[in-house]
Protein chains: 2
Amino acid sequence: MLIEPKNISWFPELLPEERIIELEIFDTIRRCYECAGFVSVETPAVERLEVLTSKGGDDSEIYALHRLNGEQEDAKLGLHFDLTVPIARYVAQHYSQLSFPFRRYQIQKIWRGERPQAGRAREFTQADIDIVADGELPLFAHVEVVAVIHSVFRALGFDTYVMRINNRKILRGFFESLEIPEDTIPHVVRTVDKVDKIGLSKLEQELQTLLASQMIVSSILEYLGLRSLSNSEKLAYLEAIRHPLLAQGVIELREVYERLIQMGVEERFLSIDPAIARGLDYYTGTIFETFDVDNVSFGSLASGGAYADLASHFIDRSLPGVGGSIGVTRLLQLFLQSGKRTPVAATPTRVLITRVQEEYIDRYVALLSGFRDASIPAEIVLSASQKIGKQIAYADKKGIPYVLIAGEDEFAKNVVAIKKLKTGETREFALGSDMSEWLF
Amino acid sequence: MLIEPKNISWFPELLPEERIIELEIFDTIRRCYECAGFVSVETPAVERLEVLTSKGGDDSEIYALHRLNGEQEDAKLGLHFDLTVPIARYVAQHYSQLSFPFRRYQIQKIWRGERPQAGRAREFTQADIDIVADGELPLFAHVEVVAVIHSVFRALGFDTYVMRINNRKILRGFFESLEIPEDTIPHVVRTVDKVDKIGLSKLEQELQTLLASQMIVSSILEYLGLRSLSNSEKLAYLEAIRHPLLAQGVIELREVYERLIQMGVEERFLSIDPAIARGLDYYTGTIFETFDVDNVSFGSLASGGAYADLASHFIDRSLPGVGGSIGVTRLLQLFLQSGKRTPVAATPTRVLITRVQEEYIDRYVALLSGFRDASIPAEIVLSASQKIGKQIAYADKKGIPYVLIAGEDEFAKNVVAIKKLKTGETREFALGSDMSEWLF
């Protein structure tokens, strides 16, 4: 009896032609991350539950492990659900062997047993990047993390995104300047953070239930009106508000913003957004999130921020940092669904060596080795007895762009013929000559 | 209270300087696999238990999943313990969307809850490669899979390995030619397969308990004596034995062997070994395993073979194939422990831009962007107020090979100074000139 061959829902898998696009995205991310001086780290997929739940909060999404034979493990284990907890554990564990500021990237799968929603998966890949300092974190670290995310999107040719950027000190300072009571501020932040979901009039209602004074509500709405201004108008507006914490936040935001522009980030990709908060407790400085303006419903594609302490649950040292994360699985889905990327081939092979006259098999194999030695991905037709039409159909179906055809006539002239399948154009090359330019 | 930051035993993790070496190995494998026309496939780490246990046998090594909140999943799930079962499921599931012969590689972590032994891990990475045919598998596919494993080892500069190669038809045919009863053959194969572990005299004893005739035992021992001959002597010896199945195996083995030599595999890396069997049921044709002759105790670093049917549990079609697997985690441990690879740097950064005079910060940032635009991994000192000695110490500790030093004197001359830390040698470069040759 056959078992139905099915992967599990919400654990996505790709066809080869899609996987090639995913690899191209991974390669681009890695190249950009490394070019900015970040080193790869990989942590095991499995951590002790004690580590996974160290930050507290909702642990219902964790996949725990048990042995099928019922044997007890020494420790209770689970799959990591983000890369932040594992890197906190890693930095604390290997503290004495790392150099700070520690700049690492980490591209790995994570698992979350959450209730399935559109655009979500239970297994997906994140590409995280962080700079962690031992003691004090220079502001330039914020610039570096934000700049590298932009460099990835630029290298991917992704030009419809906008990164919304803010500084937590501005938001908190502004609410303090309105003399909102300390214990009400978190509720106000959470409400304001929802503005894009609920709209301005619903927001006003919710603020009115939180805040006694309509004047304060109006000030907040005016503040949100800022969002329609240009980046420099926003900075100028914010600089006019007198409040020490807010002023510190604005100085930081301007410095980060201007350095990004200096480093080649185009202004159209940056939107200073005084409303975004990105959760409440963790972030303390620069914060950002990134959307495709044509596909906002996909949610944030890359987000992050600066935090006061990475690993306080694991080590008695102050390790402030700044980090970001690109949601690679989501970005790939966006690219495929929006047509920003279209699958073209189900193989890396550039040229298929056909077997038109079997007596030349030794020559065909020599040609095969020649291509590979020149780093040109090549295949030979595996079967000895196929009609040439079937051989070419194989190349066509897989998206192999070129086929090499050589028989008695060609070898008599010491040439081979290479046909570009898309156009039908055929060129002859002298045996042993460099064909790489034509094949790429 | 702090949680002890510890990864789990047998779930290895690497320091950054070791991870760089692991990545280099992954990159090399991928480059060689793709150059031979294999496409990447990745399957979810999680499969239904029904799929994982489809091959039968011992399932006690499987890590099954459960939700921490006790919520029941629709299906019982577990982590894959090899890449063979998942690719069988994948090929059967996507059969109509794949082109055959299907050539895929798959580099992924797998998990096995086995009893810890030296050199083993519970989470490790394999780099699998297979050619799967729909109907009939041409012998050249065997050549391709074996050749690509050699190309990886050559590209890694690994020159102390030997691949032992055999054909299951030879072993079985030889035992048939001795008229060993059909149901005894599997026991004899298993015993002969152990010869390197137990030695010849213990082997003789075990064979004597299995086989009534001392003449047959002597013939087997003579056959094993073959192993001291040269490859061509072995082939000649085998060709002299008259038995149809064995003869077929020898024809295949000679063809594979000679093609490998033609494709540039040096004879010293190949050892025709009539004793190896690689388990009993699965393989039907070419089989191979690969050892470091200086470190045989590490076990096989790459092994595989040809099989009659990939996915008979999932699909009612004959899908014969040939595959191999490189044990990347084991290979890395071998390289590190034997000194074949030595960590040199904990960062990809080639050049650190120092901040000797803070008034030039804009120029330093412009230099930083310049390096990165030229694809030269570069960092700037993040903090504004460090002594130059401390800045250089950071580069030294991380293994950054070059530091850029530029202040009033240099900028007055429109140059920057770049110092190679290892030798102390300093060169001046005109601003905007190409420094890439010096930096790599």
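Look above for the structure.
Residues numbered from 1 in each chain as written. Chains lettered and ligands numbered in written order. Predicted model: local features only at pLDDT ≥ 70, side-chain atom pairs only at ≥ 80, totals over all residues. Heavy atoms only, no water.

On to the pattern of salt bridges, then. With the rule as written, the count across this model stands at 70 salt bridges over all chains. The salt bridge involving Arg341(A) is made with Glu24(A); its shortest N-O contact spans 3.2 Å. Of this pair, Arg341(A) sits in the loop between helix H12 (328–337) and strand E12 (351–353) while Glu24(A) sits in helix H1 (residues 16–35), and the two are 317 residues apart along the sequence. Judged by its relative accessible area of 34%, Glu24(A) falls in the partly exposed class. Between Arg103(B) and Glu379(A) there is a salt bridge, with the nearest N and O atoms lying 3.7 Å from each other. A residue pair is termed interchain when its members come from two chains, as with Arg103(B) in strand E5 (residues 102–111) and Glu379(A) in strand E13 (residues 378–380). The same class applies to Arg103(B) and to Glu379(A), which are both buried. Bridged by salt links that share partners, the residues Arg164(A), Asp196(A), Arg227(A), Asp273(A), Arg278(A) and Glu289(A) form one connected network. (Salt bridge = Lys/Arg side-chain N within 4 Å of Asp/Glu carboxyl O. Helix = DSSP H or I, 4+ residues; strand = E, 2+ residues; numbered from the N terminus. Buried < 20%, exposed > 50% of the residue type's maximum accessible area, 1.4 Å probe, protein only.)

Core analysis: the largest hydrophobic core is formed by 205 residues, its most contacted members being Phe175(A), Ile220(A), Phe175(B) and Ile220(B). Ignoring sequence-local partners within four residues, the contact set of Phe175(A) consists of Ile180(A), Ile185(A), Val188(A), Val189(A), Val192(A) and Ile220(A). (Core = buried A, V, L, I, M, F, W, Y, C linked by side-chain atoms within 4.5 Å. Contact = heavy atoms within 4.5 Å.)

It is worth spelling out the sheet that holds strand E11 (residues 321–327) of chain A at this point. All names here are of chain A. Strand order in the open sheet formed by eight strands is E1-E5-E6-E11-E10-E9-E7-E8, and the pairing between neighbours is mixed. Where the open sheet ends on each side, the last strands, each with one partner, are strand E1 (39–40) and strand E8 (270–272). In this sheet, strand E6 (residues 123–132) lies alongside strand E5 (residues 102–111) in antiparallel orientation, the contact comprising 10 bridges. Residue pairing across strands places Trp-111 opposite Glu-123, the latter belonging to E6. (Pairing = 2+ DSSP bridges.)

A word on empty space enclosed by the protein. Enumeration according to the criterion identifies five cavities of 30 Å³ or more in this entry. Empty space within the largest cavity amounts to approximately 800 Å³. The wall of the largest cavity is formed by 31 residues, among which Glu42(A), Ile107(A), Arg19(B), Glu42(B) and Ile107(B) lie closest to the centre. Listed by contribution, the elements that provide at least two residues to the lining of the largest cavity are H1 and E5 of chain A together with helix H1 (16–35) and E5 of chain B. In terms of residues, the lining of the largest cavity owes the most to one element, E5(A), which gives six residues. (1 Å grid on protein atoms, 1.4 Å probe; cavity = no way out; pocket = protein on both sides within 12 Å on 5 of 7 lines; lining within 4 Å. Points joined across faces, edges and corners; volume = space filled by probe spheres on them.)

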